[in-house]
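Coordinate inspection notes
Chain by chain, the residues:
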Amino acid sequence: MSSIGPFSFSVDEYRRRLSMVQEVMRARQLDWAILDEPETMGWLSGYAVGENLWRACLVPAVGDPFLLIRKLDVAPARAKSWLQDIVAFSDWEEPVSVLAAALRSRGAHARIGVDFQSHSFTRQRQALLERALPQSSFCDLERAVWDARRCKSNEEVEHLRVAASLLDRAVLKVADAIRPDASQRDVGAVAAAEYYRLGFDDGFVGYVTAGSDWDCLHTSMSDEPIGNGALVHVELLPKLKGYSVRIMRTVAVGRATEDQKSTYSALCALQDEQFRAMRPGAVAADVDAIVRQGVLSAGLRPDYENITGYTLGFSAPSSQRVSDLYRSFLPTATWLLEKGMVFHMYTSARGLAVSETVLVTESGAERLTRTPRKIFETGVKA
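The sections below set out a description of the structure shown in this document. Since this is a predicted model, take the numbers as computed values, not measurements.

Per the secondary structure count, the chain includes 10 helices and 17 strands. Each principal axis of the C-alpha distribution contributes one length, and for the chain these read about 70 × 40 × 40 Å. In the chain, buried positions account for 57% of the 382 residues. Considering only residue pairs separated by 6 or more positions, the chain has 69% of its internal contacts joining residues 24 or more positions apart. A total of about 16300 Å² of accessible surface is found on the chain, and carbon and sulfur atoms cover 50% of it.

So, in structure tokens, the structure goes:
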């Protein structure tokens, strides 16, 4: 594993992240920032937890942050977070009132930043804070902390490399478990067991589904036998100490047809061209168009209504978001690629899908997942 000491990363790495957040705060003339989304809270502090009750990481303009959490969660937070300043509340206390008191005791001033798009920062909580801190104003961070996460550090890249190599092992195990008499749920159970064996986090396994077109990728698992001749979509989404790596492969139950093999090769070739274009300075819409227009021009799909890739990195253990779509590849995306960005790039057509976890480098996208790019066939000798 790439963890350092008791934490997932070195304290220097977490301090690097803190400096980035405080730079955002200086630019906006903020005295404090409230990070209450599990993605940003966990990325900065090393600890994130679901929202049974409100919780947050509080960042001052100068100095170290503190955590606001339930007393029930103090012990696991101390084990996982480099931050040891913790303000805890009993389950019958109002967290907003506890936070307001903590800020007053630390000399909180007028300008407090919070992401107004946060699912956790409700109108009710904002009203409670405004009443509790009448001398303060609340300013929108406008996803600036999400933006600060866009490029991965050397420690993060190394961690993702380890996770991707483990994922390659998991997907081969899952492909081997697919057979006509197995159900999709049976195969999903193999994936879950392999996650635990390899050291991945608890959480959502991903998708093991049989379908016939690009829009069948996210259907629910069935308890019925898969049957002969099916195409099984395998999309594995494990996390290693909060960091998500992803891969898609297709498994044919029996032999794949020549048309299926030809389609899959075409998808892979277009994606390989896309990977070569993923250099620093490239416009996301131009990168997206390589696969999108290529698939449409080849007649592999009548339309292409989904994105061709999205951000990977820290993904909270409990969140309303299954995927991080802050940076997505779509026809209207004007943002530029940068060295150190990591994405899940995918394409699909005719019940077939392929995807990789990739890192943007000076020479194009480097595949972190290295599983062979082919249709796997069950019961067929290589």
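The N-to-C vectors of helix α1 (residues 11–27) and helix α2 (residues 38–45) enclose an angle of 130 degrees; their axes lie 8 Å apart at closest approach. In terms of their interaxial angle, α1 and α2 are classed as oblique. Contact residues: α1 offers Y14, R17, L18 and V21, while α2 offers W43, L44 and S45. Among the residues making up the contact of α1 with α2, the classes are represented as five nonpolar, one polar and one charged.

This part covers the packing of aromatic side chains. Taken as a whole and assessed by the stated rule, the structure comprises 13 aromatic pairs. Pairing F9 with Y243 gives two aromatic rings, centres 5.2 Å apart and planes at 65 degrees, and the pair type is edge-to-face. Taken together, the residues span a long stretch of sequence, with F9 in the segment before α1 and Y243 in strand β10 (residues 243–244) at a distance of 234 residues. With respect to class, F9 is no different from Y243; both count as buried. Ring-pair connections join several aromatic residues into one group, and the members of that group are F9, Y14, W82, Y243 and F314. Note that R17 overlies the ring of F9, its terminal NZ or CZ placed 4.8 Å from the centroid. Above the plane of the ring of Y304 lies R301, whose end atom (NZ or CZ) is 3.8 Å from the centre.

Its identity as a non-glycine residue notwithstanding, R143 has a phi of 65 degrees, on the positive side. Along the chain, the position of R143 falls in the loop between β6 (137–140) and α6 (144–148). Taking relative accessible area as the criterion, R143 reaches 10% and is therefore assigned buried. Residues other than glycine seldom take positive phi values, yet K241 does so here, at roughly 50 degrees. Topologically, K241 is positioned in the loop between β9 (239–240) and β10.

Before going further, it helps to examine the layout of surface pockets. Its boundaries defined by the atoms lining it, the largest pocket holds a volume of some 470 Å³. Residue composition of the lining of the largest pocket, grouped by class: 11 nonpolar, five polar and six charged.

What follows covers the side chain of S118. Within the secondary structure, S118 is located in the loop between β5 (111–114) and α5 (123–132). On the accessibility criterion, S118 (6% relative accessible area) is buried. A polar side-chain atom of S118 sits 2.7 Å from a polar atom in the side chain of D36. Looking at S118, its side chain comes within polar contact range of the main-chain nitrogen of F121, at 3.3 Å. Not counting residues up to four positions away in its chain, the partners in contact with S118 are D36, E37 and R143.

Across the sheet, six strands lie side by side as β4-β3-β2-β1-β5-β6; this open sheet has mixed pairing. Looking at which strands have only one partner, the edges of the open sheet turn out to be β4 (86–89) and β6. On average, each strand axis in the sheet is tilted by 25 degrees relative to the strand beside it, whichever way the strands run. Sheet topology note: the strand β1 (residues 32–35)/strand β2 (residues 56–60) ladder contains four bridges and is antiparallel. Residue W32 lies in a different strand from β2, and its bridge partner there is P60.

When two helices pack together, their arrangement is captured by the angle between the axes and the distance separating the axes. Running from N to C, helix α9 (residues 258–277) and helix α10 (residues 284–297) point in directions that differ by 165 degrees, and their axes come no closer than 8 Å. In terms of orientation, α9 lies roughly antiparallel with respect to α10. Relative to α10, the crossing made by α9 is right-handed. Only V287, D288, I290, V291, G294 and V295 of α10 make contact with α9, whose side of the interface consists of L267, L270, Q271, E273, Q274 and A277. For the contact of α9 with α10, the class distribution of residues is seven nonpolar, three polar and two charged.

Conventions and cut-offs
Residues numbered from 1 in each chain as written. Predicted model: local features only at pLDDT ≥ 70, side-chain atom pairs only at ≥ 80, totals over all residues. Heavy atoms only, no water. Helix = DSSP H or I, 4+ residues; strand = E, 2+ residues; numbered from the N terminus. Buried < 20%, exposed > 50% of the residue type's maximum accessible area, 1.4 Å probe, protein only. Contact = heavy atoms within 4.5 Å. Areas by Shrake-Rupley, 256 points an atom, 1.4 Å probe, with all protein chains shown as cover. Axes fitted to C-alpha atoms, helices over the stretch in contact; angles between N-to-C directions. Parallel < 35°, antiparallel > 145°, perpendicular 65-115°, else oblique. Nonpolar A, V, L, I, M, F, W, Y, C, P; charged D, E, K, R; others polar. Phe/Tyr/Trp six-rings, centres within 6.5 Å; stacked < 30°, edge-to-face > 60°. Lys NZ or Arg CZ within 6 Å of the ring centre and 35° of its normal. 1 Å grid on protein atoms, 1.4 Å probe; cavity = no way out; pocket = protein on both sides within 12 Å on 5 of 7 lines; lining within 4 Å. Points joined across faces, edges and corners; volume = space filled by probe spheres on them. Polar contact = N/O pair within 3.5 Å; in protein donor to acceptor, adjacent residues only side chain to side chain. Pairing = 2+ DSSP bridges. Left-handed = near helix turned anticlockwise from the far one by under 90°.

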